[in-house]
Amino acid sequence: ATDKFVSAMRDSGYNSTASAISELVDNSLQARASRIEIDIKKTENNNIEISVTDNGCGMDLFTLRQALRFGGSTRFNDRSGLGRCGMGLPNSSFSQARRVTVTSWCRIRKQASHNENVVGSGLPIQAHLDIDEIMSGKMTEVPPPKKLEKSLIALKEQSGTVVQWESCDLLDFKRVSTIVRHTSRELSQRFRYFLEQGTRILVNGSILKPIDPIFIVGRTEKERSIRYGDDIHYRISVNPDDATAGTGLVRVRFVELPVSKWAVLNNEEKREKGIVKNAGVSVIRSGREVDYGWYFFGDKRKENYDDWWRCEVSFDPILDEAFGLTHTKQQIRPQQYLLDILAPDMEMVARTLNARARAAHNKVR
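Source: prediction; values computed, not measured. (Residues numbered from 1 in each chain as written. Predicted model: local features only at pLDDT ≥ 70, side-chain atom pairs only at ≥ 80, totals over all residues. Heavy atoms only, no water.)

1. Here's the deal with the pairing of strand 14 (residues 309–315)
Then, in step 1: A large share of strand 14 lies buried, amounting to seven of its seven residues.
Then, in step 2: Judged by which residues are buried, strand 14 turns out to be covered on both faces: W309, C311, V313 and F315 on one side and R310, E312 and S314 on the other are all buried.
Then, in step 3: Looking at chain direction, strand 11 (residues 247–256) and strand 14 are connected through seven bridges and run antiparallel. Note on strand 14: the bridge partner recorded for V250 is F315.
Then, in step 4: One ladder, built from five bridges, connects strand 12 (residues 281–285) with strand 14; its direction is parallel. What sits directly across from R285, in strand 14, is F315. (Buried < 20%, exposed > 50% of the residue type's maximum accessible area, 1.4 Å probe, protein only. Helix = DSSP H or I, 4+ residues; strand = E, 2+ residues; numbered from the N terminus. Pairing = 2+ DSSP bridges.)

Okay, here's the thing in structure tokens:
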């Protein structure tokens, strides 16, 4: 039974190492961190280790132990932030590594009110999970966090958390440089709004800059897309069969790329800018991209001219079920009633923008 549980836990649906790391970034942002450092390195025995360090509010003994339990989050089903399932830390960690160690420290006034959990201002505590210890029966529950002396860990901030993945055996790539490149690219797009607002995310010491597939965030005026019409707003029912279930807001934004300026670029330059083979919808929840794909366009198929316009759909977290957001926050599976509401308008605009892009290219030619 333990073998099956561990296997299911490790195959938890993260489609990339960067997606798994994103779960840790979510936790850091939820802890109100303004600086998040991701370090990916090779150890002396040629293994790869990954650590994520933040200057968030930190955790006390109770919260740290809960964070390592499956479904044990203190924020379960909390729609105010980036996560709500309580599975992110252990699931993402074991999808990539065999051991995860978490060290955290916080100021007394930030800690929970349980007297037995207050360990002193800034004093670090540490706990770990280890697959081999679980498989052998040595570890049958999340061990109580142990208290560390300050001298054992360098504390640059008054509060914070370090998550360290060791024995990483399920990473996408074996070269550190390749992992760094892919992780930097994915996080720069996924968390672009946080980067724009001043959050500093570093990968191996390099500060990430926002990458926006709809060409608005982090762009100079010359590099920006052109808004097409006003944003479309929809008030969507959380449950169409229950009038008392409440509603959430969905915002749809369309933009056009400047064909007259960029059509003359060669194919390599278009790829570098992110123009070609990048048609689709960026789906945003709480300022974080949760998916990018060809959604809500009904019977319209994707064509080459669709590279020259983009769409962004943002929604309130209360609509997670309507969008069919997975617990790993990397894919949506919209329910039919949501498609019935959005698709007619979005398909019509998509066909119009395709025709406009075609006409603009003909004019350039």
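2. Digging into the packing of aromatic side chains
Then, in step 1: Evaluated as defined, the whole model comprises nine aromatic pairs.
Then, in step 2: Note on W294 and W309: the rings are 6.0 Å apart at their centroids and 55° apart in plane angle, and the pair reads as tilted. With a gap of 15 residues between them, W294 in the loop between strand 13 (288–293) and strand 14 and W309 in strand 14 connect regions that are remote in the sequence.
Then, in step 3: Site record: aromatic cluster; members linked through ring pairs are F254, W294, F297 and W309. (Phe/Tyr/Trp six-rings, centres within 6.5 Å; stacked < 30°, edge-to-face > 60°.)

3. A word on the environment of K146
Then, in step 1: With respect to the helices, strands and loops of the structure, K146 is situated in strand 5 (residues 146–147).
Then, in step 2: Setting aside its immediate chain neighbours within four residues, K146 contacts P124, I125 and Q126. (Contact = heavy atoms within 4.5 Å.)

4. So, helix 2 (residues 17–30)
Then, in step 1: For helix 2, built from 14 residues, the straight-helix expectation of 20 Å at 1.5 Å per residue is met to within 8% by its first-to-last C-alpha distance of 20 Å.
Then, in step 2: Within helix 2, 13 of the 14 residues are buried, which leaves it mostly tucked inside the rest of the structure. (Expected span 1.5 Å × (residues − 1).)

5. Here we look at the pattern of salt bridges
Two side chains of opposite charge can pair, provided their charged atoms sit close to one another.
Then, in step 1: Throughout the structure, instances matching the rule amount to 25 salt bridges.
Then, in step 2: Taking the shortest distance from any N to any O, the salt bridge between R227 and D231 comes out at 3.0 Å.
Then, in step 3: Owing to a relative accessible area of 18%, D231 belongs among the buried residues under this scheme.
Then, in step 4: What emerges from the salt-bridge pattern is a single network uniting R192, D212, R227, D231, R251, R253, E289 and E312. (Salt bridge = Lys/Arg side-chain N within 4 Å of Asp/Glu carboxyl O.)

6. Points about the packing of helix 2 against helix 6 (residues 176–190)
Then, in step 1: Where helix 2 contacts helix 6, the two axes come as close as 9 Å, and the packing angle between them is 55°. Of the possible angle classes, the one that applies to helix 2 and helix 6 is oblique. For the element pair helix 2 and helix 6, the recorded crossing hand is right-handed. Residues T17, A18, S19, I21, S22 and V25 of helix 2 form the contact with helix 6, whose participating residues are I179, H182, T183, E186, L187 and R190.
Then, in step 2: The class makeup of the residues in the contact of helix 2 with helix 6 is five nonpolar, five polar and two charged. (Axes fitted to C-alpha atoms, helices over the stretch in contact; angles between N-to-C directions. Parallel < 35°, antiparallel > 145°, perpendicular 65-115°, else oblique. Left-handed = near helix turned anticlockwise from the far one by under 90°. Nonpolar A, V, L, I, M, F, W, Y, C, P; charged D, E, K, R; others polar.)

7. Comments concerning the sheet that holds strand 5
Then, in step 1: Ordered by their spatial adjacency, eight strands build an open sheet running 5-4-3-6-2-1-7-8, and the pairing between neighbours is mixed. Two strands bound the open sheet, and with one partner strand each, they are strand 5 and strand 8 (206–207).
Then, in step 2: The pairing of strand 2 (residues 48–54) with strand 6 (residues 160–168) spans five bridges and is classified as antiparallel. In the sheet register, S51 faces strand 6, and the bridge partner there is Q164.
Then, in step 3: Against the sheet, helix 2 engages strand 1 (35–42), strand 2, strand 6 and strand 7 (200–203), with an angle of about 25° to strand 2.
Then, in step 4: Taken strand by strand, helix 6 contacts strand 1, strand 2 and strand 7, and its axis lies near 155° from that of strand 1.

8. Things to note about the confidence of the model for the protein
Then, in step 1: Chain-level statistics for the protein give a pLDDT mean of 89 and a share of 88% at 70 or above.
Then, in step 2: pLDDT under 50 marks residues 110–117. Its contacts with residues more than four places away, or in other chains, come to 15 contacts. (pLDDT = per-residue confidence, 0-100.)

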